[in-house]
Amino acid sequence: MRVGMGYDVHRLTEDRDLILGGVKIDWEKGLLGHSDADVLIHAVMDALLGAAALGDIGKHFPDTDPAYKGISSILLLEHVTKLLREHHYEIGNIDATIIAQKPKMAPHIPQMRANMAKAMGINESQLNIKATTEEKLGFTGREEGIASQAICLLNERKES
Ligand SMILES: Nc1ccn([C@@H]2O[C@H](COP(=O)(O)O)[C@@H](O)[C@H]2O)c(=O)n1
Ligand SMILES: C[C@@]1(CO)OP(=O)(O)OP(=O)(O)OC[C@H]1O
């Protein structure tokens, strides 16, 4: 069994869509990034890559590569899942937290979970997503950005 953790932050800005867990959330601001800036999926990918000792998302998907400009992070998550399979790992479980003052994430979490579980080829029971505010403190509290944290367990697949 191997454990991994991930953390990511993206800045909130006008004229961008807010996409989290592959869900486009109707909101006045969105997250800035080279990709679609899906900070939840980025934290989960970093946890998975970390558990497998395969580096991080910046190593696999450099933000200097035009191939990743505007890309859906769901596609990047599918790629990370393929990498894990190639290295004989399977996902045990993932627990992730979105840290955002606004908007309310709870209504969107079932769809995020469905999208991400599908991309990773796992059961939804293996993926928990939750949200918290930081009580109006710090950069998330001032609505300047959204952060995410994730932790995961990987199992080494036994060859038959
Ligand atoms: N952006 C958010 C933040 C929180 N929630 C939900 O509200 C609960 C209470 O949040 P506190 O930060 O006051 O502890 C939290 O447990 C989440 O269920 C949310 O949906 N979206
Ligand atoms: C996801 C990538 C893809 O180029 O771009 P960004 O959306 O800027 O996200 P970041 O969390 O800064 O990680 C870097 C890149 O891997």
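Residues numbered from 1 in each chain as written. Chains lettered and ligands numbered in written order. Predicted model: local features only at pLDDT ≥ 70, side-chain atom pairs only at ≥ 80, totals over all residues. Heavy atoms only, no water.

- Where an unreviewed UniProt entry is consulted, the chain appears under the name 2-C-methyl-D-erythritol 2,4-cyclodiphosphate synthase, with the organism given as Blautia wexlerae.
- For the record of the chain, the UniProt heading Sequence similarities (unreviewed entry) holds the text "Belongs to the IspF family."
- UniProt annotates the chain under Pathway (unreviewed entry) with the comment "Isoprenoid biosynthesis; isopentenyl diphosphate biosynthesis via DXP pathway; isopentenyl diphosphate from 1-deoxy-D-xylulose 5-phosphate: step 4/6." (UniProt positions renumbered as here; feature names shortened; annotations may be inferred.)

Thoughts on the pairing of strand E5 (residues 89-99)
Right, on to step 1. Two elements, E5 and strand E7 (residues 145-156), share 10 bridges in a ladder whose sense is antiparallel. Directly across from asparagine 93, in E7, lies its bridge partner leucine 153.
Right, on to step 2. What joins E5 to strand E6 (residues 127-132) is helix H4 (residues 109-120), and the crossover it makes is right-handed. (Pairing = 2+ DSSP bridges. Helix = DSSP H or I, 4+ residues; strand = E, 2+ residues; numbered from the N terminus. Right-handed = clockwise from strand over helix to strand, strands pointing away.)

Here we look at a nonpolar patch on the surface
Right, on to step 1. A contiguous nonpolar surface patch, about 480 Å² in accessible area, is contributed by Val3, Met5, Tyr7, Val9 and Ile151.
Right, on to step 2. If you tally residues by element for the nonpolar patch, the top one is strand E1 (residues 2-13), at four residues.
Right, on to step 3. Here tyrosine 7 is to be found in strand E1.
Right, on to step 4. The exposure class assigned to tyrosine 7 is partly exposed, which follows from its relative accessible area of 42%. (Patch = residues over 30% accessible without salt bridge, like charges linked within 9 Å, V, L, I, M, F, W, Y side chains within 5 Å. Areas by Shrake-Rupley, 256 points an atom, 1.4 Å probe, with all protein chains shown as cover. Salt bridge = Lys/Arg side-chain N within 4 Å of Asp/Glu carboxyl O. Buried < 20%, exposed > 50% of the residue type's maximum accessible area, 1.4 Å probe, protein only.)

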